[in-house]
Amino acid sequence: MSAAAVNTFPIYNADALITFFRTEVLTDQEAKHFTKADLVPLPKPESVQALYMRVLQLLYPFRPECHSMIPLEENIQNPEYHEGSTSILSVYMRMCQFLPMCLVYDFSLSDLLVPKKQRTLTILSAIMNFLHFRKRRLEVVSEKQCTFRADTERLQTYMREIQEAERKIKILTTIPPEQQAEANELAAALAELQTATAQEYKEVKFKNDSIAEWKARIAETTQKLAQMKVDVSNMKDTITNLKSQIVESPEELKSQMERMRESVKTIKISFEQTDERVVELQTMAQSVTHAELEVQQTMSLLQDLESSMSKCKQRHEASQELMTQIENKQKELKNQSVQEGQLKRALAMKLDKESKQNIRRQKRREMKEHQVEDILGHCNQIHQKREEMADKIQEISRATQQLKAKIKSLQEVCSKETQKAQTLYDTVSASMEDLHQRIQSNVLDVKRMMSKMAPDC
């Protein structure tokens, strides 16, 4: 199975990883000395271990020098023997706890001691992806914290404004005890004045209606009187014209004079009636003026009452505005409380998740610590066995030295004996050669004798 099918994060090249870890993780001097040769073609174990230490320091409050510290327990003999392996085991344990969050679950000790190129690039890509995610989440959390502070401050200001508005409403609505009797008297007087003004308003309305009716009648009569005056003047003109045009006859003149006398009488009677009517109207107008004065007085009282009512209305409107503001503030407070509840629930869920993660981490840490304790116990047993073997080796070395001394002495004895044997061998070999020569000479003599004896036979 290929790495692209397993990994859920992008695999970056060496240049991108070096640039990122130089700028985001390593310090000044370490960033200068961290180069591409530390990762490719063959990763350097010390560079990879230092980089992992800096990543752990960035994520946890754990300095690189703390990895080399070991507890001086009673069962640990010769702690200086553990100095080389302690830092590696510490980095290994913490990387095993950290890398599952980066979706790397198969981190092994060989990734620290003998790192390989592709494996190291995969682990560093996972760490880089996690650090990018962590940076974005920190920005989001900081923004939420800033808005949460602003919302809490706004909520506090709203609460203060609501309390101030309630205090003002209480001040406006409550009457002091020393003014309670006067307020009751004013309320009773105001009620009586309202009833009186309502009755007077009805009377004034009725009088105004009657005055309007009389004014209409007076206007109608004055219009009729003006029309009659116009008719009289027209009749006089026609009479003068007729007198100039028509020949006067005594009978017709008498008849016309009688008709004119009758018309004059009727006109006089109408004038007298109109004069009487005008006198009546004048008296009625005087009564109307008196009524108007009374109406003006009542209107002034009504205006004063209206001003007081307008003030009361303004106060009532101000109290209503304050009530609407209070309702709006209460709605905003409710919304803020809802948002606060949502934020609290989100925070509680986040804390619950963090607590669960911490419990899991604690369990994993305990398991790892138990494994480490088992490993350390095994190491202690191995160390004890090592010491026993060292004692045995020392005994064996002493025995070997003794054997070497014995062997050396025996070699010296053997060399002496070999020298003796060599001299003896040399003498024996020399004597044997002499013997062989003698035997050969004797054999030759016997052969000669046999050869001589053969022809004689």
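Everything below is about the structure printed above this text.
Comments concerning the packing of aromatic side chains
Part 1 of the reasoning: Going through the model one piece at a time under the given rule, you end up with four aromatic pairs.
Part 2 of the reasoning: Among the aromatic residues, those joined into a ring-pair cluster are Tyr-52, Tyr-92 and Phe-107.

Brief notes about the side chain of Asp-38
Part 1 of the reasoning: By secondary structure assignment, the location of Asp-38 is in the loop between helix 3 (28-33) and helix 4 (45-59).
Part 2 of the reasoning: At 3.1 Å, the side chain of Asp-38 and the backbone nitrogen of Thr-35 are in polar contact.
Part 3 of the reasoning: With residues near it in sequence (within four places) discarded, Asp-38 still touches His-33, Pro-43, Lys-44 and Ser-47.

With respect to the side chain of Asp-111
Part 1 of the reasoning: One can find Asp-111 in helix 6 (residues 110-113).
Part 2 of the reasoning: Of the polar contacts made by the side chain of Asp-111, one reaches the side chain of Arg-119; its length is 3.3 Å.
Part 3 of the reasoning: The residues contacting Asp-111, other than those within four sequence positions of it, are Val-48, Tyr-52, Asp-106, Arg-119 and Ile-123.

Comments concerning the environment of Lys-117
Part 1 of the reasoning: Note on placement: Lys-117 falls in helix 7 (residues 117-173).
Part 2 of the reasoning: Overall, the relative accessible area of 40% leaves Lys-117 in the partly exposed class.
Part 3 of the reasoning: In this structure, the C-alpha to C-alpha distance between Lys-117 and Pro-41, residues 76 residues apart in sequence, is 6.5 Å.
Part 4 of the reasoning: Beyond its immediate sequence surroundings of up to four residues, Lys-117 is in contact with Leu-39, Val-40, Pro-41 and Pro-43.

A closer look at the layout of surface pockets
Rolled over the atoms, a probe with the dimensions of a water molecule shows which regions are left empty.
Part 1 of the reasoning: The space that makes up the largest pocket amounts to roughly 1,300 Å³.
Part 2 of the reasoning: Taken together, 34 residues line the largest pocket, and the ones lying closest to its centre are Arg-137, Val-141, Lys-350, Glu-354 and Gln-357.
Part 3 of the reasoning: For the lining of the largest pocket, the secondary structure elements donating two or more residues are helix 7 and helix 9 (250-456).
Part 4 of the reasoning: Of the residues that constitute the lining of the largest pocket, the class distribution is 19 nonpolar, five polar and 10 charged.

Points about a positive patch on the surface
Part 1 of the reasoning: Among the surface-exposed residues, Arg-136, Arg-137, Lys-144 and Lys-350 lie close enough to one another that they form a single positively charged patch.
Part 2 of the reasoning: Per-element accounting of the positive patch gives the leading share, three residues, to helix 7.
Part 3 of the reasoning: When you line up the elements, Lys-350 lands in helix 9.

Brief notes about the nonpolar core
Part 1 of the reasoning: Within the largest apolar cluster, 37 residues are counted, with the highest numbers of intra-cluster contacts made by Phe-21, Tyr-52, Met-95, Phe-98, Leu-99 and Ile-127.
Part 2 of the reasoning: Looking at this core, the elements with two or more residues in it are helix 2 (14-24), helix 4, helix 5 (83-98) and helix 7.
Part 3 of the reasoning: For this core, the element with the most residues is helix 7, which contributes eight residues.

A few points about the pattern of salt bridges
Part 1 of the reasoning: The tally for this structure, following the rule as stated, stands at 10 salt bridges.
Part 2 of the reasoning: A salt bridge links Asp-106 to Arg-119, with the nearest nitrogen and oxygen atoms 2.9 Å apart. Remark: Arg-119 occurs in helix 7 and Asp-106 occurs in the loop between helix 5 and helix 6; sequence separation between them is 13 residues.
Part 3 of the reasoning: Salt-bridge contacts for Asp-445 lead to Arg-448; the nearest nitrogen and oxygen are separated by 2.6 Å. Of this pair, Asp-445 and Arg-448 both sit in helix 9, separated by three residues, roughly a single helical turn.
Part 4 of the reasoning: Take Asp-445: its relative accessible area is 35%, and that puts it in the partly exposed class.

Side note on the packing of helix 2 against helix 7
Part 1 of the reasoning: Two numbers describe how helix 2 lies on helix 7: the axes approach to 11 Å, and their chain directions differ by 45°. Between helix 2 and helix 7, the interaxial angle falls into the category oblique. Read as a crossing pair, helix 2 and helix 7 show a hand that is left-handed. Contacts between helix 2 and helix 7 involve Ala-14, Ala-16, Leu-17, Phe-20, Phe-21 and Glu-24 from the first element and Leu-121, Leu-124, Ser-125, Ile-127, Met-128, Leu-131, His-132 and Lys-135 from the second.

Some points on helix 4
Part 1 of the reasoning: A rise of 1.5 Å per residue sets the reference length of helix 4, with its 15 residues, at 21 Å; its end C-alpha atoms lie 21 Å apart and thus fit the reference within 8%.
Part 2 of the reasoning: Listed as buried for helix 4 are Ser-47, Val-48, Gln-49, Leu-51, Tyr-52, Met-53, Arg-54, Val-55, Leu-56 and Leu-59.

Things to note about unusual backbone geometry
Part 1 of the reasoning: Following Val-40, the chain continues to Pro-41 via a peptide bond in cis, the omega torsion being -5°.
Part 2 of the reasoning: Within the secondary structure layout, Pro-41 lies in the loop between helix 3 and helix 4.

Let's talk about a nonpolar patch on the surface
Part 1 of the reasoning: Taken together, the side chains of Leu-424, Val-428, Met-432, Leu-435, Ile-439 and Val-443 make up a nonpolar region of the molecular surface, amounting to roughly 480 Å² of accessible area.
Part 2 of the reasoning: Take Met-432: it is sitting in helix 9.

Focus: the environment of Thr-8
Part 1 of the reasoning: You can see Thr-8 is positioned in the loop between helix 1 (3-6) and helix 2.
Part 2 of the reasoning: Taking relative accessible area as the criterion, Thr-8 reaches 62% and is therefore assigned exposed.
Part 3 of the reasoning: Between the C-alpha atoms of Thr-8 and Cys-102, which are 94 residues apart in sequence, the distance is 9.7 Å.

The rules we used
- Residues numbered from 1 in each chain as written.
- Predicted model: local features only at pLDDT ≥ 70, side-chain atom pairs only at ≥ 80, totals over all residues.
- Heavy atoms only, no water.
- Phe/Tyr/Trp six-rings, centres within 6.5 Å; stacked < 30°, edge-to-face > 60°.
- Helix = DSSP H or I, 4+ residues; strand = E, 2+ residues; numbered from the N terminus.
- Polar contact = N/O pair within 3.5 Å; in protein donor to acceptor, adjacent residues only side chain to side chain.
- Contact = heavy atoms within 4.5 Å.
- Buried < 20%, exposed > 50% of the residue type's maximum accessible area, 1.4 Å probe, protein only.
- 1 Å grid on protein atoms, 1.4 Å probe; cavity = no way out; pocket = protein on both sides within 12 Å on 5 of 7 lines; lining within 4 Å.
- Points joined across faces, edges and corners; volume = space filled by probe spheres on them.
- Nonpolar A, V, L, I, M, F, W, Y, C, P; charged D, E, K, R; others polar.
- Patch = residues over 30% accessible without salt bridge, like charges linked within 9 Å, V, L, I, M, F, W, Y side chains within 5 Å.
- Areas by Shrake-Rupley, 256 points an atom, 1.4 Å probe, with all protein chains shown as cover.
- Salt bridge = Lys/Arg side-chain N within 4 Å of Asp/Glu carboxyl O.
- Lys, Arg positive; Asp, Glu negative; His and termini not counted.
- Charge placed at Lys NZ, Arg CZ, Asp CG, Glu CD.
- Core = buried A, V, L, I, M, F, W, Y, C linked by side-chain atoms within 4.5 Å.
- Axes fitted to C-alpha atoms, helices over the stretch in contact; angles between N-to-C directions.
- Parallel < 35°, antiparallel > 145°, perpendicular 65-115°, else oblique.
- Left-handed = near helix turned anticlockwise from the far one by under 90°.
- Expected span 1.5 Å × (residues − 1).

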